[in-house]
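Understanding the architecture of this molecule
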Amino acid sequence: AVHKFTEEAPRSGRRPGAVLGLLLGFVAGLLVWFAWLSWDLYYTNDLGQTQGPYQPRQVVACGATMVAVTVALGLWTRWTASGPFYVAIGATGGFSLAWGLDAFPQDDTGLSGVGLLMVVTGVGVGLNVAAALTSIGATMWKKRLPSNT
């Protein structure tokens, strides 16, 4: 498939392949959303306006955790160049599913579909940028090592 035309060989050891990397990313996306964003924190700002359901610190911590988990799982996969992308795609799906399961039942306006598209796009682009940087860095690091294992 993808690796027929590249010089990349799979890394040695018991590491997850493409399908397992995708599934691990999916589960990680679900877990990160539930860990950071499943608890709503509506609050009133200095102007007396109600804000929420998430506080900025929750979103920043969730994003940082999602990137860290994607990078870690991507580096653990069998494929240096493409493994992080499989994980990023799975994580985007898991995170988006969790968001949708929370948002759609509460939606009275019908705008959750638009919100879901924005979540899929934003998380997908962000995690794929992280995957690209991880892939480039890992590939460059691997080429510097004396043994390619």
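Residues numbered from 1 in each chain as written. Predicted model: local features only at pLDDT ≥ 70, side-chain atom pairs only at ≥ 80, totals over all residues. Heavy atoms only, no water.

What follows deals with helix α4 (residues 112–144). Taking 1.5 Å as the rise per residue, α4 with 33 residues should run 48 Å; its terminal C-alpha atoms sit 47 Å apart, in good agreement. Of the residues making up α4, those classed as buried are S112, G115, V119, V123, G124, L127, A130, A131, T134, S135, A138 and K142. (Helix = DSSP H or I, 4+ residues; strand = E, 2+ residues; numbered from the N terminus. Expected span 1.5 Å × (residues − 1). Buried < 20%, exposed > 50% of the residue type's maximum accessible area, 1.4 Å probe, protein only.)

Before going further, it helps to examine the confidence of the model for the chain. Model confidence for the chain is summarised by a mean pLDDT of 86, while 88% of its residues fall at 70 or above. Within the chain, the element-level pLDDT minimum falls on strand β1 (residues 43–44), averaging 78, and the maximum on helix α3 (residues 83–103), averaging 95. (pLDDT = per-residue confidence, 0-100.)

The end-to-end C-alpha separation of helix α1 (residues 18–37) is 28 Å, in line with the 28 Å expected for 20 residues at 1.5 Å each. Buried within α1 are the following residues: G21, G25, A28, G29, L30, V32, W33 and L37.

We now examine the nonpolar core. One finds W33, L37, M66, F95, W99 and L127 to be the most contacted residues of the largest nonpolar core, which totals 17 residues. Elements supplying a minimum of two residues to this core: α1, α2 (56–76), α3 and α4. Here this core gets six residues from one element, more than from any other, and that element is α3. For L127, the contacting residues outside a window of four places in its chain are M66, V67, T70, A88, A91 and T92. (Core = buried A, V, L, I, M, F, W, Y, C linked by side-chain atoms within 4.5 Å. Contact = heavy atoms within 4.5 Å.)

A few words now on the packing of α1 against α2. Between α1 and α2, the least distance of the axes is 10 Å, while the angle of their chain directions is 160°. With respect to each other, α1 and α2 are oriented roughly antiparallel. Between α1 and α2 lies a crossing of right-handed hand. Facing α1, whose interface residues are L24, G25, A28, G29, V32, W36 and L37, α2 presents Q58, V59, A61, C62, T65, M66, V69, L73 and W76. Along the lines of polarity and charge, the residues of the contact of α1 with α2 split into twelve nonpolar, four polar and no charged. (Axes fitted to C-alpha atoms, helices over the stretch in contact; angles between N-to-C directions. Parallel < 35°, antiparallel > 145°, perpendicular 65-115°, else oblique. Left-handed = near helix turned anticlockwise from the far one by under 90°. Nonpolar A, V, L, I, M, F, W, Y, C, P; charged D, E, K, R; others polar.)

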